[in-house]
Amino acid sequence: MNYFEFNGQNITIDMLIKIEQVVRILSESKKISFDKMLGRFYSSKTFRNLKNISSGLWAESAEFIADDFNLIG
(Lines give C-alpha, C1' and ligand atoms only; values in the text may rest on other atoms or scores of the structure.)
Protein backbone atom coordinates (compact mmCIF):
# COMPACT_ATOMS: atom_id res chain seq x y z
CA MET A 1 0.00 0.00 0.00
CA ASN A 2 1.20 3.48 -0.81
CA TYR A 3 1.38 6.04 1.92
CA PHE A 4 2.72 9.53 2.50
CA GLU A 5 5.60 10.18 4.84
CA PHE A 6 7.25 13.37 6.10
CA ASN A 7 10.25 13.37 8.44
CA GLY A 8 9.65 9.72 9.25
CA GLN A 9 5.98 10.26 10.15
CA ASN A 10 3.09 8.72 8.26
CA ILE A 11 0.90 11.62 7.10
CA THR A 12 -1.48 9.60 4.93
CA ILE A 13 -4.57 10.36 7.04
CA ASP A 14 -3.68 14.07 7.01
CA MET A 15 -3.37 13.96 3.22
CA LEU A 16 -6.72 12.19 2.81
CA ILE A 17 -8.44 14.74 5.03
CA LYS A 18 -6.80 17.61 3.12
CA ILE A 19 -7.88 16.15 -0.23
CA GLU A 20 -11.47 15.81 1.02
CA GLN A 21 -11.47 19.42 2.22
CA VAL A 22 -10.03 20.75 -1.05
CA VAL A 23 -12.44 18.78 -3.22
CA ARG A 24 -15.40 19.86 -1.07
CA ILE A 25 -14.39 23.54 -1.43
CA LEU A 26 -14.00 23.17 -5.19
CA SER A 27 -17.21 21.20 -5.73
CA GLU A 28 -19.25 23.73 -3.77
CA SER A 29 -17.70 26.75 -5.49
CA LYS A 30 -18.10 25.23 -8.97
CA LYS A 31 -21.51 23.74 -8.16
CA ILE A 32 -20.63 20.24 -9.37
CA SER A 33 -20.81 16.92 -7.56
CA PHE A 34 -18.08 15.89 -5.15
CA ASP A 35 -17.36 12.75 -7.20
CA LYS A 36 -16.99 14.66 -10.46
CA MET A 37 -14.70 17.21 -8.81
CA LEU A 38 -12.65 14.43 -7.22
CA GLY A 39 -11.95 13.00 -10.67
CA ARG A 40 -10.90 16.41 -11.97
CA PHE A 41 -8.70 17.00 -8.94
CA TYR A 42 -6.98 13.61 -9.22
CA SER A 43 -6.03 14.37 -12.83
CA SER A 44 -4.71 17.87 -12.07
CA LYS A 45 -1.23 19.32 -11.81
CA THR A 46 -2.15 20.55 -8.34
CA PHE A 47 -2.75 16.97 -7.18
CA ARG A 48 0.57 15.85 -8.68
CA ASN A 49 2.28 18.66 -6.76
CA LEU A 50 0.36 17.77 -3.60
CA LYS A 51 1.57 14.15 -3.78
CA ASN A 52 5.16 15.40 -4.09
CA ILE A 53 5.82 15.84 -0.37
CA SER A 54 8.99 17.84 -1.02
CA SER A 55 6.90 20.57 -2.70
CA GLY A 56 5.46 21.52 0.69
CA LEU A 57 2.00 22.03 -0.82
CA TRP A 58 0.58 19.38 1.52
CA ALA A 59 1.30 21.69 4.49
CA GLU A 60 -0.78 24.55 3.08
CA SER A 61 -4.43 25.17 3.92
CA ALA A 62 -7.21 23.55 1.91
CA GLU A 63 -8.22 27.02 0.70
CA PHE A 64 -4.69 27.70 -0.57
CA ILE A 65 -4.62 24.39 -2.44
CA ALA A 66 -8.07 25.06 -3.95
CA ASP A 67 -6.80 28.46 -5.15
CA ASP A 68 -3.76 26.73 -6.64
CA PHE A 69 -6.08 24.35 -8.50
CA ASN A 70 -8.10 27.30 -9.82
CA LEU A 71 -4.90 28.97 -11.06
CA ILE A 72 -3.00 26.07 -12.61
CA GLY A 73 -5.42 23.14 -12.64
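Residues numbered from 1 in each chain as written. Predicted model: local features only at pLDDT ≥ 70, side-chain atom pairs only at ≥ 80, totals over all residues. Heavy atoms only, no water.

**Digging into the pattern of salt bridges**
Pairing is possible between side chains that carry opposite charge, provided their charged atoms lie close to one another. Quick note on the threshold: A pairing counts as a salt bridge when a side-chain nitrogen of Lys or Arg comes within 4 Å of a carboxyl oxygen of Asp or Glu. Numbering of helices and strands runs from the N terminus, with a helix taken as a DSSP run of H or I at least four residues long and a strand as a DSSP run of E at least two residues long. Working definition: with a 1.4 Å probe on protein chains only, accessible area under 20% of the residue-type maximum means buried, over 50% means exposed, and in between means partly exposed.
The full count for this structure, using the stated rule, is one salt bridge. Of the charged contacts in the structure, one is a salt bridge between arginine 24 and glutamate 20, with a shortest N-O distance of 2.6 Å. With arginine 24 and glutamate 20 both in helix H1 (residues 12–30) and four residues apart, the pair spans about one turn of that helix. Given a relative accessible area of 37%, arginine 24 falls into the partly exposed group. Among the residues examined, glutamate 20 registers a relative accessible area of 29% and is labelled partly exposed.

**Here's the deal with the nonpolar core**
Filter applied, for reference: Remark: nonpolar core denotes a set of buried residues (Ala, Val, Leu, Ile, Met, Phe, Trp, Tyr, Cys) joined through side-chain atoms within 4.5 Å. Note on definitions: a residue-residue contact is assigned when non-hydrogen atoms from the two residues lie within 4.5 Å.
Counting 19 residues, the largest nonpolar core has Met15, Ile19, Val22, Leu26, Phe41 and Leu50 as the members making the most contacts within it. Of all the secondary structure elements, the ones that give two or more residues to this core are H1, helix H2 (34–42), helix H3 (45–51) and helix H4 (62–72). By residue number, the principal contributor to this core is H1, which donates five residues. Not counting residues within four places of it along the chain, the set of residues in contact with isoleucine 19 comprises Leu38, Phe41, Tyr42, Phe47 and Leu50.

**Comments concerning the packing of aromatic side chains**
Threshold: Each aromatic pair joins two rings of Phe, Tyr and Trp (for Trp, the six-membered one) with centres within 6.5 Å, and gets the label stacked for planes under 30 degrees apart, edge-to-face for over 60, and tilted for any other angle.
Inspection of the entire model under this criterion finds four aromatic pairs. An angle of 55° between the planes, with centres 4.8 Å apart, marks the rings of phenylalanine 6 and tryptophan 58 as tilted. Of this pair, phenylalanine 6 sits in strand S1 (residues 5–6) while tryptophan 58 sits in the loop between H3 and H4; the two residues are 52 residues apart in sequence, bridging distant segments of the chain. By relative accessible area, tryptophan 58 is classed as buried at 18%. A centroid spacing of 6.0 Å and a plane angle of 50° characterise the contact between phenylalanine 41 and phenylalanine 69, whose relative ring orientation is tilted. One end of the pair, phenylalanine 41, is in helix H2; the other, phenylalanine 69, is in helix H4, with 28 residues separating them in the sequence. Under the relative-accessibility criterion, phenylalanine 69 is labelled buried at 11%.

**So, H2**
Short version of the rule: Throughout, the arc means the angular range of directions from the helix axis out to the C-beta atoms.
Of all the positions in H2, only Met37, Leu38 and Phe41 are classed as buried. Projected down its long axis, H2 shows its buried positions confined to an angular sector of 105°, all on one face. Looking at the buried positions of H2, the neighbouring elements they touch are H1, H3 and H4.

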